[in-house]
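Notes for the structure review
Read off the chains here:
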Amino acid sequence: MRSDHGSASRGLVLALAFLVALTTIAGAEDGPTPAGKTLSLDPSIDLEAPDQVELMRYLVRCALPADVVIDAEVGGKQQSFEGDLGLAPKWVERPLTPGEQRWVSACMLALTNKFGKHVRISLRARPPAAKNLTASQAERESHTLFEGGFHGNIFSDSPTAYVCLGRRSRAEQSDAILKDRVCTEPSGLTLDSGETLTRCGFILTGVCSDPDAGDGGPREIIYVYLKPLGPAQD
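A short tour of the structure in this document, coming up. (Residues numbered from 1 in each chain as written. Predicted model: local features only at pLDDT ≥ 70, side-chain atom pairs only at ≥ 80, totals over all residues. Heavy atoms only, no water.)

**Some points on the side chain of histidine 143**
Turning to its location among the elements, histidine 143 is positioned in the loop between helix 5 (137-142) and strand 5 (145-153). The class for histidine 143 is buried, based on a relative accessible area of 5%. (Helix = DSSP H or I, 4+ residues; strand = E, 2+ residues; numbered from the N terminus. Buried < 20%, exposed > 50% of the residue type's maximum accessible area, 1.4 Å probe, protein only.)

Put into structure tokens, the structure is as follows:
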């Protein structure tokens, strides 16, 4: 079980149009992809902007398992993108299904960091889409601050990005870790529909239901827990 993940940069919010065009992530294969294989990036995918390169790195990390690597030539140099969570392992053979789009989207949204920082977080899901979204007892004891739940579909023609706010005590709300994780924090901006936007541009849906209860809400949602640092210093 994996407990900690770095956070993707704000490039996710800036490059949604790039995602809509993606169908498969690797070149054509003759038959199923064997475990432990290195594949070439689909030649139709042109990684031009730095944001797109970083976006691809996190896409592969969310979608493909740890035994699959995607190689690509970027700016005349070879780069490798390594799998990790395996939320959509068949993406190397066919387009994502709607359910896989939502799982990978939830992962990308959960990893987004407005400041481009790397913060160690715990990703969890019920039911888990992959074993790496099941927290160990040690992880549950160390990562206790419930940040929120992320879901949506960033691959659709009209991308959606939602987050619900985790229930926190007053002490947790003032914890220093939340200075570096602000995607559940209201921005003060609203849409014409009246929906509240967070500081990462996600739509805030309210307070999360108990993730362990498994009732209500979208199925493809990833909950983020943080390791408390203590009170923030002014």
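Here the narrative resumes, following the displayed structure.
**A word on the state of the cysteines**
The final tally for this structure, using the stated rule, is three disulfides. The partner cysteine of cysteine 164 in its disulfide is cysteine 208, sulfur to sulfur 2.0 Å. The sign of the 100 degrees torsion about the S-S bond sets the cysteine 164-cysteine 208 disulfide as right-handed. With cysteine 164 in strand 6 (residues 160-165) and cysteine 208 in the loop between strand 9 (203-207) and strand 10 (222-226), this pair connects stretches of sequence that are 44 residues apart. For cysteine 164, a relative accessible area of 6% corresponds to the buried category. (Disulfide = S-S within 2.5 Å.)

**Topic: the environment of isoleucine 221**
On the secondary structure map, isoleucine 221 appears in the loop between strand 9 and strand 10. Note on isoleucine 221: relative accessible area 4%, which makes it buried. Note: C-alpha distance between isoleucine 221 and serine 105 (116 residues apart in sequence) is 9.1 Å. Contacts of isoleucine 221, omitting those with residues within four sequence positions, involve Trp103, Arg124, Ala125, Gly149, Phe150, His151 and Cys164. (Contact = heavy atoms within 4.5 Å.)

**Quick notes on the pairing of strand 5**
Within strand 5, nine of the nine residues are buried, which leaves the element mostly enclosed by the surrounding structure. In this structure, strand 5 lies alongside strand 10, joined through five bridges in antiparallel fashion. The residue of strand 10 that forms the bridge with glycine 149 is tyrosine 223. Taking the residues between adjacent antiparallel strands as the criterion, strand 5 and strand 6 are bridged by six residues. (Pairing = 2+ DSSP bridges.)

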